[in-house]
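# Remarks on the overall topology
Chain by chain, the residues:
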Amino acid sequence: MGQTVRLRVTAKERVAQDVVALTLEHPDGARLPDWTPGAHVDLVLLDGLTRQYSLCGDRFDPFTYRVGVLREPGGRGGSAHVHDALRVGDEVGVGGPRNNFPLVPSRRYLFLAGGIGITPLLPMVHQAQLLGADWTLVYGGRTRASMAFLDELAGYGDRVHVVPQDERGLLDLPRWLGAPVPGTRVYCCGPGPLLDAVGVACATWPPHSLRTERFVAREQAAPARSTPFEVRLARSGATVTVAPDRTVLEAVRGAGVEVLSSCRQGTCGTCGTDVLEGLPDHRDSILDDAEREANDCMFVCVSRARSDRLVLDL
Amino acid sequence: MTTTAPTSPPTGTPVSDADPFGPEILEDPLPFHAALREAGPVVHLSRYGVYAMGRYEQVHAALRDWQGFQSGAGVGLSNFRTEQPWRPPSLLLEADPPHHDAPRRVLSTILVPRALRGLRERWTAAAVDLVDGLLARRGDVVEFDAVPALAEAFPLRVFPDAVGIPAGGRENLLPYGEFLFNAFGPHNELVAAGAPRLPELAAWVNAQCAREALAPDGFGARIWAAADRGDITPEQAPLIVRSLLSAGVDTTVHALAAALHAFATHPEQWRRLRARPELARVAFDEAVRWASPVQTFFRTATTDVRVADTVIPDGEKILMFLAAANRDPRRWTDPDRFDLSRDPSGHLGFGFGIHQCVGQHVARLEAECLLTALAARVETIEVAGPTRRHHNNTLRAWGSLPMRVRLG
């Protein structure tokens, strides 16, 4: 799994009906890569089945990650595996973190969460509070019992509005959004219909007011391969085979071709390499989704191949 | 360095009364760095009442530990908890999470290697042009001072254009950076010498950061575009442009000078680069490790932090010697050798962790273009006369590097 780190489950807690929170730590007690609110990690759960979960712990604690996992009956077994099989003491592969949903500076925030979509917003409200911003969280869910982290949110008092559907109906978006207030940032995470409705309701707001993350714990259709692949180095003419337990960086260096690297965890960007042919399996924390899809650049300290062969500008 | 009995709270912590900002150590810091590493993982510098680290392990760990070692109280000797900074603090260098997040994210997105691709062709042409101009003068052997002729000339030719500032006044960039990096040290004569021109230089730099001053397609304009998208606030944009102008010129100049000096004194390494020009990137990083153009930065303890056997009290300043860590024999084999066959990855010359030099890819591209252009034309390169160091409280710099090159 490339440079995906193996982290140990050190706590597993049921935090709502069908939601467990996992605490993850490095088996050696090492620091984990830094993250910012809105970031997610890839969890490698079963043979190559990778799913993405927002980090919902404390970024000031460099030694633990926390994720909240909803049991999804329609899923392909990733969340069921977490709920039914994964135990405290087990190790899981973790990739990332990456952030496609960063909290931008503002004096006023409106956070809208639907169900398990609370997870990326939890560190955001903590941060907004820390910064002394004016903020409101509206948190909808099916029932109170299905809504995770209500206890942690209780401390924020009347900034948090808990709206269980069976008690108060669906979120009345026009009411919560109100008239556009210049400078307010609206952050929304939750099921597709909620995001669609918020998009419509914010159509008259100033551009860039609304920021969303589509919380469909994405299942990567073609996860990292477990078989070797070939890397041809266009400039030096060498071809190397990358075994499943080696990084592209190691294999390329083994062929006597120098590649600079620094962090070795896909965060600093030093080993960025142009891809001339083939499809990389991106495992870095640098490229956003559009950049990943361009498939013209990869970070060889962690990223691998989806295709049988890559041609790199080395 | 003399190691005496502790005179201040940290019982058992080695104490040094050396002045790392004095002219003797600035002229040749290597013996002091070695003594610092030998004295222990943490040393108290009695002259300034600060702690110091010179070993790779501790410097590396402290640079990663932004929770325990903050930058927001200033990365110089001055403690912003109790002292007024001489200018509004940098949103990058002198900020901690969460304030640091958005400016860092915006600037690192603008300066990632893939965003610089469009510059490679232009900078390669600029480097070839500069080198051709320099070597066209006379015969097969050419002499010049590499500091103004290459190390200063190339960054000044390409970087301000990439930022998008106007042509007028660019001569202010180097003296402004010079003052800034001196100001991280004590208020010694180096700071005093730069002070008279400071108001004028700072006013000029600040004026270049305004949206109206910047060309539409440069790094500066992209910072303002991020403000338009709301990724940063409009108040943050000019300060982030200022970071580019503050940290992007002098550092690269001195790193290039270090690389040129390294090659002039290691002819076998120049032959290696000539044979394999693709080593230019590794060569530059090895030069940055070997010479550490940025020698030091301070951090401030956010709480009582234990490092090895020393507890550094909350609010105390810690001087981290990147340069000493980059030559720590506990980490590097034969650390004093400039060697292109070494893997310099993991050196601390660009810092490490969340504050690691955001412009490192820009510096590498500049160096790669210039070294490649030189290697294509120059067969041998040697020192042609007395060299002169230039003292700065933070930077290891050359004032003059007379060189003689033979064209190949």
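Residues numbered from 1 in each chain as written. Chains lettered and ligands numbered in written order. Predicted model: local features only at pLDDT ≥ 70, side-chain atom pairs only at ≥ 80, totals over all residues. Heavy atoms only, no water.

For chain A, the helix and strand inventory stands at eight helices and 18 strands. A compact globule built from 314 residues would reach a C-alpha radius of gyration of about 20 Å, and chain A, at 21 Å, matches this within 12%. Referenced to the eigenvectors of the C-alpha coordinate spread, the extents of chain A come out at roughly 65 × 45 × 35 Å. Split into buried and exposed, the 314 residues of chain A put 52% on the buried side. Counting only carbon and sulfur atoms, one obtains 49% of the accessible surface of chain A, whose full area is about 12900 Å². Distance between charge centroids for chain A: 1 Å, based on 34 positive and 38 negative side chains. (Helix = DSSP H or I, 4+ residues; strand = E, 2+ residues; numbered from the N terminus. Rg over C-alpha atoms; globule rule 2.2 N^0.38 Å. Buried < 20%, exposed > 50% of the residue type's maximum accessible area, 1.4 Å probe, protein only. Areas by Shrake-Rupley, 256 points an atom, 1.4 Å probe, with all protein chains shown as cover. Lys, Arg positive; Asp, Glu negative; His and termini not counted. Charge placed at Lys NZ, Arg CZ, Asp CG, Glu CD.)

Residue and element names in this part refer to chain A. Tracing the backbone through its elements, the reader meets Ser 146 in the loop between strand E8 (134-141) and helix H3 (150-154). One polar contact links the side chain of Ser 146 to the main-chain carbonyl oxygen of Thr 143, over a distance of 2.8 Å. If we ignore the near neighbours within four places in the chain, the residues touching Ser 146 are Ala 16, Gln 17, Val 19 and Gly 141. (Polar contact = N/O pair within 3.5 Å; in protein donor to acceptor, adjacent residues only side chain to side chain. Contact = heavy atoms within 4.5 Å.)

Our focus in this paragraph is the sheet that holds strand E14 (residues 402-407) of chain B. Residues and elements named next belong to chain B. If you walk across this open sheet you meet the three strands as E6-E14-E11, and the pairing is antiparallel. Both outer strands of the open sheet, strand E6 (141-145) and strand E11 (378-383), are each paired with one neighbouring strand and no more. On average, each strand axis in the sheet is tilted by 25° relative to the strand beside it, whichever way the strands run. In this structure, E11 lies alongside E14, joined through five bridges in antiparallel fashion. Each bridged residue has a counterpart across the sheet, and for Thr 380 the counterpart in E14 is Arg 406. (Pairing = 2+ DSSP bridges. Axes fitted to C-alpha atoms, helices over the stretch in contact; angles between N-to-C directions.)

Our next topic: the sheet that holds strand E14 (residues 272-277) of chain A. Residue and element names in this part refer to chain A. The strand order E13-E12-E18-E14-E16 describes an open sheet built from five strands, whose pairing is mixed. Each having just a single partner strand, strand E13 (239-242) and strand E16 (297-299) make up the two edges of the open sheet. Put simply, the sheet's adjacent strands are angled 40° from each other on average, direction ignored.

Among the ten residues of helix H7 (residues 173-182) of chain B, nine are classified as buried, and the element is accordingly described as predominantly covered. Here H7 of chain B has its buried residues at Leu 173, Leu 174, Tyr 176, Gly 177, Glu 178, Phe 179, Leu 180, Phe 181 and Asn 182 of chain B.

Residues and elements named next belong to chain B. Running from N to C, helix H12 (residues 250-265) and helix H16 (residues 360-377) cross one another at 35°; their axes reach a closest spacing of 10 Å. For the crossing formed where H12 meets H16, the hand is right-handed. Between H12 and H16, the contacting residues are Thr 252, Leu 256, Leu 260 and Phe 263 on the first element and Ala 363, Glu 366, Ala 367, Leu 370, Leu 371 and Leu 374 on the second. Tallied by class, residues from the contact of H12 with H16 come to eight nonpolar, one polar and one charged. (Left-handed = near helix turned anticlockwise from the far one by under 90°. Nonpolar A, V, L, I, M, F, W, Y, C, P; charged D, E, K, R; others polar.)

Next up on the list: the pairing of strand E2 (residues 19-25) of chain A. All names here are of chain A. Counted residue by residue, E2 has six buried out of seven residues, so it is predominantly covered. As judged from the seven bridges shared by strand E1 (residues 5-16) and E2, these two strands associate in the antiparallel manner. Each bridged residue has a counterpart across the sheet, and for Ala 11 the counterpart in E2 is Thr 23. Between E1 and E2, which pair antiparallel in sequence order, lie two residues; one of them, Asp 18, sits at a positive phi of approximately 70°. Alignment of E2 against strand E5 (residues 64-70), held across seven bridges, turns out to be antiparallel. When the sheet's bridge partners are listed, Val 20 is paired in E5 with Val 69.

Let us look at the environment of Val 205 of chain B. Residues and elements named next belong to chain B. Mapped onto the elements, Val 205 comes out in helix H9 (residues 198-208). For the pair Val 205 and Arg 242, spaced 37 residues apart in sequence, the C-alpha to C-alpha distance is 7.0 Å. Not counting residues up to four positions away in its chain, the partners in contact with Val 205 are Tyr 176, Arg 242 and Leu 245.

For the rest of this paragraph, the subject is the interface of chain A and chain B. In this assembly, 35 residues from chain A lie in contact with 36 residues from chain B. For the pairing of chain A and chain B, the buried interface totals around 2900 Å² over both sides, and the portion due to carbon and sulfur atoms is 48%. Across the contact surface, chain A and chain B share seven salt bridges. For Asp 101 of chain B, the salt bridge identified is with Arg 59 of chain A, shortest N-O distance 2.6 Å. (Buried area = accessible area lost by both parts, 1.4 Å probe. Salt bridge = Lys/Arg side-chain N within 4 Å of Asp/Glu carboxyl O.)

Below, the discussion takes up the environment of Val 5 of chain A. Residues and elements named next belong to chain A. Along the chain, Val 5 falls in strand E1. Since its relative accessible area comes to 30%, Val 5 is described here as partly exposed. As for Val 5 and Gln 265, which are separated by 260 residues in sequence, their C-alpha atoms are 8.7 Å apart. Apart from residues lying up to four places away in sequence, Val 5 is in contact with Val 92, Gly 93 and Val 94.

The side chains of a regular strand alternate between both faces of the sheet. Residue and element names in this part refer to chain A. Pairing of strand E12 (residues 229-233) with strand E18 (residues 309-312), which is carried by four bridges, proceeds in the parallel orientation. Residue pairing for E18: Glu 230 is matched across the bridge by Arg 309. The pairing of E14 with E18 spans two bridges and is antiparallel. Looking at E18, one finds that Val 275 is bridged to Leu 312.

Residue and element names in this part refer to chain A. Its domain assignment divides chain A into domain 1 (5-98), domain 2 (108-214) and domain 3 (229-312). Listed as interface residues are five residues of domain 1 and, on the opposing side, six residues of domain 3. Between domain 1 and domain 3, a total of about 440 Å² is buried, with carbon and sulfur atoms accounting for 41% of that surface. Considering only the surface of domain 1 that becomes buried against domain 3, Pro 33, Gly 96 and Arg 98 emerge as the three largest contributors, covering 71% of it. One can count zero salt bridges joining domain 1 with domain 3. Joining domain 1 to domain 3, the criterion identifies one residue pair in polar contact (both at pLDDT 80 or more). Among the elements that take part in the side of domain 1 that touches domain 3, strand E6 (residues 91-98) stands out by supplying three residues, more than any other. Along the lines of polarity and charge, the residues of the side of domain 1 that touches domain 3 split into two nonpolar, two polar and one charged. (Domains from an automatic or database assignment.)

For the rest of this paragraph, the subject is the confidence of the model for chain B. Regions with low pLDDT should not have their predicted coordinates read in detail. Residue and element names in this part refer to chain B. Per-residue confidence for chain B gives a mean pLDDT of 95, with 97% of residues at or over 70. Below a pLDDT of 50 lies the segment residues 1-7, which in the model reaches 15 contacts outside its immediate sequence neighbourhood of four places, other chains included. Scoring of the predicted complex yields 0.88 for pTM and 0.91 for ipTM. (pLDDT = per-residue confidence, 0-100.)

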